[in-house]
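Residue-level structural notes
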Amino acid sequence: MIKHEFIALKRDQIPYEITFELTRHHECVVLPDEIILHNMNDFSLGFTSHWNTQDNKNEGLNYYGITIINNEELDQFIEALRKHKRWKSVKELIRFCESAKANSLDVIHFGI
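Attention here is on the structure that accompanies the text. (Residues numbered from 1 in each chain as written. Predicted model: local features only at pLDDT ≥ 70, side-chain atom pairs only at ≥ 80, totals over all residues. Heavy atoms only, no water.)

1. As for the overall build of the protein chain
For the protein chain, the count of helices and strands is four helices and six strands. Helices and strands in the protein chain line up, N terminus first, as β-β-α-α-β-β-β-α-α-β. Its C-alpha atoms give the protein chain a radius of gyration of 12 Å, within 12% of the compact-globule value 13 Å for 112 residues. Principal axes of the C-alpha set define a box for the protein chain whose edges measure 35 × 30 × 25 Å. (Helix = DSSP H or I, 4+ residues; strand = E, 2+ residues; numbered from the N terminus. Rg over C-alpha atoms; globule rule 2.2 N^0.38 Å.)

Structural data, given as structure tokens:
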């Protein structure tokens, strides 16, 4: 299964060069690629993000790379997710992001 993975970290714990190795050491939520692929408009627009590093401000998920969603922008991302809450994995990601928001964590997305 092609998948997208999400972890949450305190901002000062996010390394400048983020690697997929982080998914092995932190709680990880998985979203099947088909959900993102078939709903690309909702996941590529509508919320501020940073692609690959904090220095590269952008919008939406970096489908093929790494996306940092700062705590301050999580509400926008959660709203995008709520449009697709019929899937169990999306509901799990919503809960994960709400917990990250409450605990002042940023969310990191690892694309395909």
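2. Comments concerning helix α3 (residues 74–82)
Within the sequence span of α3, burial applies to L74, F77, I78, A80 and L81. Along the long axis of α3, the arc covered by the buried residues comes to 155 degrees, so they all point the same way. Packing partners of the buried residues in α3 comprise β1 (3–9), α2 (40–44), β5 (66–69), α4 (88–102) and β6 (106–110). (Buried < 20%, exposed > 50% of the residue type's maximum accessible area, 1.4 Å probe, protein only. Arc of directions from axis to C-beta. Contact = heavy atoms within 4.5 Å.)

3. Focus on the packing of α3 against α4
Running from amino to carboxyl end, α3 crosses α4 at an angle of 165 degrees, the nearest separation of the two axes being 10 Å. Considered as vectors, α3 and α4 are oriented roughly antiparallel to each other. For the crossing formed where α3 meets α4, the hand is left-handed. Residues L74, D75, F77, I78, L81 and R82 of α3 form the contact with α4, whose participating residues are V90, L93, I94, C97, E98, A100 and K101. Here the contact of α3 with α4 is composed, by residue class, of nine nonpolar, no polar and four charged. (Axes fitted to C-alpha atoms, helices over the stretch in contact; angles between N-to-C directions. Parallel < 35°, antiparallel > 145°, perpendicular 65-115°, else oblique. Left-handed = near helix turned anticlockwise from the far one by under 90°. Nonpolar A, V, L, I, M, F, W, Y, C, P; charged D, E, K, R; others polar.)

4. Focus: the nonpolar core
In terms of nonpolar packing, the biggest core is built from 24 residues, with F6, L61, F77, L81, L93 and C97 touching the most fellow members. Among the elements of the structure, β1, β2 (29–32), α1 (33–37), α3 and α4 are those that each provide at least two residues to this core. It is α4 that provides the largest number of residues to this core, a total of six residues. Setting aside residues up to four positions removed in sequence, L61 forms contacts with F6, I36, F43, S44, F47, W51, T67, I69, F77 and H109. Core analysis: the second largest hydrophobic core is formed by nine residues, L9, I18, L22 and I68 among them. (Core = buried A, V, L, I, M, F, W, Y, C linked by side-chain atoms within 4.5 Å.)

5. A closer look at the state of the cysteines
For the structure on display, the rule yields zero disulfides. Cysteine C28 remains unbridged, with the sulfur of C97 as its closest cysteine sulfur at 12 Å. C28 sits in the partly exposed class, given a relative accessible area of 24%. On the basis of relative accessible area, C97 is assigned to the buried category, the value being 0%. (Disulfide = S-S within 2.5 Å.)

6. Some details on the pattern of salt bridges
Counted under the stated rule, the structure contains eight salt bridges. Taking the shortest distance from any N to any O, the salt bridge between K83 and D42 comes out at 3.4 Å. Separated by 41 residues along the polypeptide, K83 in the loop between α3 and α4 and D42 in helix α2 bring together distant segments of the chain. In this structure, R82 engages E98 in a salt bridge whose closest nitrogen and oxygen atoms are separated by 2.6 Å. Remark: E98 occurs in helix α4 and R82 occurs in helix α3; sequence separation between them is 16 residues. Take R82: its relative accessible area is 33%, and that puts it in the partly exposed class. Take E98: its relative accessible area is 33%, and that puts it in the partly exposed class. Bridged by salt links that share partners, the residues R11, E72 and D106 form one connected network. (Salt bridge = Lys/Arg side-chain N within 4 Å of Asp/Glu carboxyl O.)

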